[in-house]
Amino acid sequence: MKKLLFILLLSIGTNFSIYSQESYSFTFVKSSVQNLEKKASHNDDGMSGDLFKTPILKKRMLGMFLVNENGSFDYETSKYITFSSIPATEKFEIKEDVEYGSRDWEQNLSIYNVKTKEKYVVMIFPMRDLQDYNNMGNEANGNGWLTKTCPKELSAEKKALLIKYKALIKSADANIAVLNTIQKKYLTRGYFDTNRVNAVDKKLYNKTLDELKNKAEQLADIDRYDDKDNEVQNKLTLSESGSLYNINNWNVNQTKLY
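The shown structure was predicted, so the numbers you read here are calculated from the model rather than taken from an experiment.

**Let's talk about unusual backbone geometry**
For N43, which is not glycine, the phi dihedral falls at a positive 55 degrees. Topologically, N43 is positioned in the loop between α2 (30-41) and α3 (55-61). Phi at N143 is positive, roughly 55 degrees, even though this residue is not glycine.

Next comes the structure, spelled out in C-alpha cells:
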C-alpha cells in the first residue's frame, strides 16, 4: 500500500514536503529543464505568462539563489545558479517547505545541496507546477517534473540481506536447471512422464526439489520478516524478479517422484 501511494504521489507531482514523514533526496531533470527554458523563451508558464513578466521573475523561474550564512539573500546580488548548470548527479533536499494548497506561486522553497550543504531558495511554481507532458510516464525523466527522487540508499543490514537474497535466487535457478534437464529427458508427447524416470534420476530429482523448496522458503521468510517494506526486493533486476516468480511457481506446483 505504501509503495502504491508513493507511485501515485509521483504521478501527481514531486513532493519532498517536510509535512511528509520521510524526506527524499532529489536531482534536477535535464529534459524538464530544457522544456522550462523553451517555455521561458516564449513567456509560456501555462497560465497568463505573468511569471515571466519581469527579468527577476524569469530569473527565478530558471534557477535559484544562494542563501548566505546569516540566512538572507537578495535577487539582485546573491549568487545565482541556473537549473541548466546543475549536474544531473547533484543531490538536494528540501530544508523548509511551503504547505501544499498554497496558491501563492511566487513563494520560495528552501533547499540545500547534500554534498556542499549550501542553502538555496527556489520558486514554488517551476518546482511543483510545470510539467513536460511529453515525459509523463517516463520515470527516467522524472515523469516530466523539474526534479525526481533519488533511489533510497539501503542500510548496511539491508545490503547484506540483498546479497543473500540474490545468492538464493541464483542457487535456486541452478536447481531449476537440473530439474528441467531431468524433465526434458523423460518426455512423452511433450509432457514430463514421471513413470519413465529411472531410480538414479528420481533420487536426484527429489533431492534437488527439496533444495529448491528450502531456498524458496528462505526467500519467503526474508519477505515476511526482514523485508516487510520491500526495499530488498525492489532492488532486484527484471531478470531476478522473473526468476523469483519462477522459483515460487516451482515450489507451489512441483512434488517429489515416488
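Text resumes after the structure shown.
**Some details on helix α5 (residues 156-185)**
Given a rise of 1.5 Å per residue, 30 residues ought to cover 44 Å, and the 44 Å separating the end C-alpha atoms of α5 matches this to within 8%. Three or more residues of α5 are buried, namely K158, L161, L162, Y165, L168, I169, A172, N175, I176, L179, I182 and Q183. Elements that come into contact with the buried residues of α5 comprise β8 (187-188), β9 (191-192), α6 (199-226) and α7 (238-253).

**A word on the side chain of T208**
In this structure, T208 sits in helix α6. Among the polar contacts listed, one links the side chain of T208 to the backbone oxygen of L204, at a separation of 2.7 Å. If we skip the residues at most four places from it in the chain, T208 touches N175, V178 and L179.

**Quick look at the confidence of the model for the protein**
Across the protein, pLDDT averages 88, with 89% of residues at or above 70. Note on residues 1-21: pLDDT is under 50 here. Beyond four places in sequence and across chains, it has 31 contacts.

**Things to note about the packing of aromatic side chains**
If you walk through the whole model with that rule in mind, you get 9 aromatic pairs. Their ring planes at 70 degrees and their centres at 5.1 Å tell us that F65 and Y75 sit as a pair that is edge-to-face. Of this pair, F65 sits in strand β2 (residues 63-66) while Y75 sits in the loop between β2 and β3 (80-82), and the two are 10 residues apart along the sequence. Between F92 and Y120 the ring centres are 6.5 Å apart and the planes differ by 70 degrees, which places this aromatic pair in the edge-to-face class. Placement of F92 in strand β4 (residues 92-96) and of Y120 in strand β6 (residues 119-123) is noted, with a sequence separation of 28 residues between them. In this structure Y120 comes out as buried when scored by relative accessible area, which is 2%. Looking at K59, its charged tip hangs above the ring of Y80, at a distance of 4.9 Å from the centre.

Conventions we followed
- Residues numbered from 1 in each chain as written.
- Predicted model: local features only at pLDDT ≥ 70, side-chain atom pairs only at ≥ 80, totals over all residues.
- Heavy atoms only, no water.
- Helix = DSSP H or I, 4+ residues; strand = E, 2+ residues; numbered from the N terminus.
- Expected span 1.5 Å × (residues − 1).
- Buried < 20%, exposed > 50% of the residue type's maximum accessible area, 1.4 Å probe, protein only.
- Contact = heavy atoms within 4.5 Å.
- Polar contact = N/O pair within 3.5 Å; in protein donor to acceptor, adjacent residues only side chain to side chain.
- pLDDT = per-residue confidence, 0-100.
- Phe/Tyr/Trp six-rings, centres within 6.5 Å; stacked < 30°, edge-to-face > 60°.
- Lys NZ or Arg CZ within 6 Å of the ring centre and 35° of its normal.

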